[in-house]
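Architecture and fold: a report
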Amino acid sequence: MSGKEKKYILTIITHLAMILIGIVMLYPLIWMLLSAFKTNAEIFGSTALLPAEPVWDSFIKGWKGTGKVTYTQFYINTFKLVIPTVLFTVFSCSFVAYGFARFRFRGKKILFMLMISTLMLPNSVLIIPRYILYNKLGWLNSYLPFTIPALFACYPFFIYMMVQFFRGIPIALDEAASIDGCNTFQVYWTILLPLTKPALFSAAIFQFIWTWNDFFNSLIYINSVRKFPIVLALRMSLDATAAANWNQVLAMSVLSLLPGTILFFSAQKYFVEGVSAGSVKG
């Protein structure tokens, strides 16, 4: 057997192994989608993947939600929470990262070390102080506990990632822009931001998915059903009745995955480029 044939066989084996691993990883999602068309008895009493007697109205009934609030309202609430948080995070973290990467000032290294050290703080340590602070500010039962911290760059992971990306851009571009008459903000806005598009998309995707799936903080800060995001709405569906209609819960779970999935695959090119570039420059 020649070396070319061995390489061809090895390539086939590698691709088959990757396909097998992909099927194993996707199986829970496939099961969830197909189980949305099963009855409760079939979900818990059968190991078959395909439904024997499909239930076609699980998505329609599930969308009606519980009580007087439908999933239309829950989706609107979620987007009202997530979109400002993502936009504020991307802008504020990139702005702070620009300052750390391009300017020299007294105490810069100490401030950067303090910022990085906050990554090691467990969330459980911050829960009670944050709740007391937001309660005194009157922010409870609103989306302000999510959007206001994002506006002030309270996510050091994204700052660090963007600092590494800014450092990989030649400073000669800043100097050339300054010679052409650009001020500091114009250099940041018109020159550097377009070049950091991969890092911005990576931060946006991370923040979108994290905020969209943030059950714990939503449970703590939001207590009105009409303001519930999707993660709380799904949990409420299980608490509404003694016997939950699992096909409806699974149907809404499938729909809750769609926005993040669509966003990821739409910006996959920038996401991979941003993560890989940031890791290399780090």
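**Details of the pattern of salt bridges**
- The full count for this structure, using the stated rule, is two salt bridges.
- Two residues, Asp174 and Arg102, come together in a salt bridge whose shortest N-O distance is 2.8 Å. Here Asp174 is found in helix α9 (residues 172-179), whereas its partner Arg102 is found in helix α4 (residues 71-102), with 72 residues between them in sequence.

**A closer look at helix α6 (residues 123-137)**
- With 15 residues, α6 extends 20 Å between its outermost C-alpha atoms, agreeing within 8% with the 21 Å of an ideal straight helix rising 1.5 Å per residue.
- In the structure, α6 departs most strongly from a straight axis at Pro129, where the bend amounts to approximately 25°.
- The positive-phi residue at the C-terminal boundary of α6 is Gly138, with phi of around 75°.

**Quick look at the environment of Trp210**
- Tracing the chain through its elements places Trp210 in helix α11 (residues 197-212).
- Judged by relative accessible area, which is 42%, Trp210 ranks as partly exposed.
- Placed 59 residues apart in sequence, Trp210 and Lys269 show a C-alpha to C-alpha distance of 20 Å.
- Not counting residues within four places of it along the chain, the set of residues in contact with Trp210 comprises Phe157 and Phe158.

**Examining the nonpolar core**
- Phe74, Ile159, Met162, Val163, Phe166 and Ile222 are the most contacted members of the largest nonpolar core, which has 56 residues in total.
- Of all the elements in the fold, those that place two or more residues in this core are α4, α5 (108-117), α8 (156-167), α10 (184-195), α11, α13 (230-240) and α14 (246-266).
- When sequence neighbours within four positions are dropped, the list of residues in contact with Phe74 reads Val69, Val225, Phe228, Pro229, Ile230, Ala233 and Met236.

**What about a nonpolar patch on the surface?**
- Together, Tyr8, Ile9, Ile12, Ile13, Leu16, Ile19 and Ile23 make up a nonpolar patch on the protein surface, roughly 690 Å² of accessible area in all.
- Structurally, the position occupied by Leu16 is in helix α1 (residues 3-35).

**Describing the side chain of Lys38**
- With respect to the helices and strands, the residue Lys38 is situated in the loop between α1 and α2 (40-45).
- Lacking a salt bridge, the buried Lys38 has Glu42 as its closest oppositely charged neighbour, with an N-O distance of 5.1 Å.
- Separated by 3.3 Å, the side chain of Lys38 and the backbone oxygen of Leu49 make a polar contact.
- When near neighbours in sequence (up to four residues on either side) are disregarded, Lys38 contacts Trp31, Ile43, Ala48, Leu49, Leu50, Pro51, Val55 and Asn247.

**A closer look at the environment of Ile209**
- Tracing the backbone through its elements, the reader meets Ile209 in helix α11.
- A relative accessible area of 30% means that Ile209 is categorised as partly exposed.
- The spatial distance from the C-alpha of Ile209 to the C-alpha of Thr261 is 9.1 Å, given a sequence separation of 52 residues.

**Brief notes about the side chain of Ser35**
- By secondary structure assignment, the location of Ser35 is in helix α1.
- Looking at Ser35, its side chain comes within polar contact range of the main-chain oxygen of Trp31, at 2.7 Å.

**Description of the packing of aromatic side chains**
- With the rule as written, the count across this model stands at 34 aromatic pairs.
- Here Phe91 and Tyr188 contribute two aromatic rings whose centre-to-centre distance is 6.5 Å and whose plane-to-plane angle is 70°, an arrangement assigned as edge-to-face. Of this pair, Phe91 sits in helix α4 while Tyr188 is found in helix α10, placing the two residues 97 residues apart along the sequence.
- Ring centres of Phe264 and Phe265 lie 5.4 Å apart, and the angle between their planes is 80°; on these two criteria the pair is classed as edge-to-face.
- A relative accessible area of 24% places Phe264 in the partly exposed class.
- With relative accessibility at 55%, the residue Phe265 sits in the exposed group.
- Grouping aromatic residues by their ring pairs yields a cluster made of Phe91, Phe95, Tyr98, Phe103, Phe166, Phe185, Tyr188 and Trp189.
- Here the guanidinium or amino end of Arg167 rests over the ring plane of Phe112, the centre of that ring lying 5.5 Å away.

Basis of the calculations
Residues numbered from 1 in each chain as written. Predicted model: local features only at pLDDT ≥ 70, side-chain atom pairs only at ≥ 80, totals over all residues. Heavy atoms only, no water. Salt bridge = Lys/Arg side-chain N within 4 Å of Asp/Glu carboxyl O. Helix = DSSP H or I, 4+ residues; strand = E, 2+ residues; numbered from the N terminus. Expected span 1.5 Å × (residues − 1). Bend = angle between axes of the 7 residues up to and from the residue. Buried < 20%, exposed > 50% of the residue type's maximum accessible area, 1.4 Å probe, protein only. Contact = heavy atoms within 4.5 Å. Core = buried A, V, L, I, M, F, W, Y, C linked by side-chain atoms within 4.5 Å. Patch = residues over 30% accessible without salt bridge, like charges linked within 9 Å, V, L, I, M, F, W, Y side chains within 5 Å. Areas by Shrake-Rupley, 256 points an atom, 1.4 Å probe, with all protein chains shown as cover. Lys, Arg positive; Asp, Glu negative; His and termini not counted. Polar contact = N/O pair within 3.5 Å; in protein donor to acceptor, adjacent residues only side chain to side chain. Phe/Tyr/Trp six-rings, centres within 6.5 Å; stacked < 30°, edge-to-face > 60°. Lys NZ or Arg CZ within 6 Å of the ring centre and 35° of its normal.

Geometric descriptors of this kind do not, in isolation, establish any biological role.
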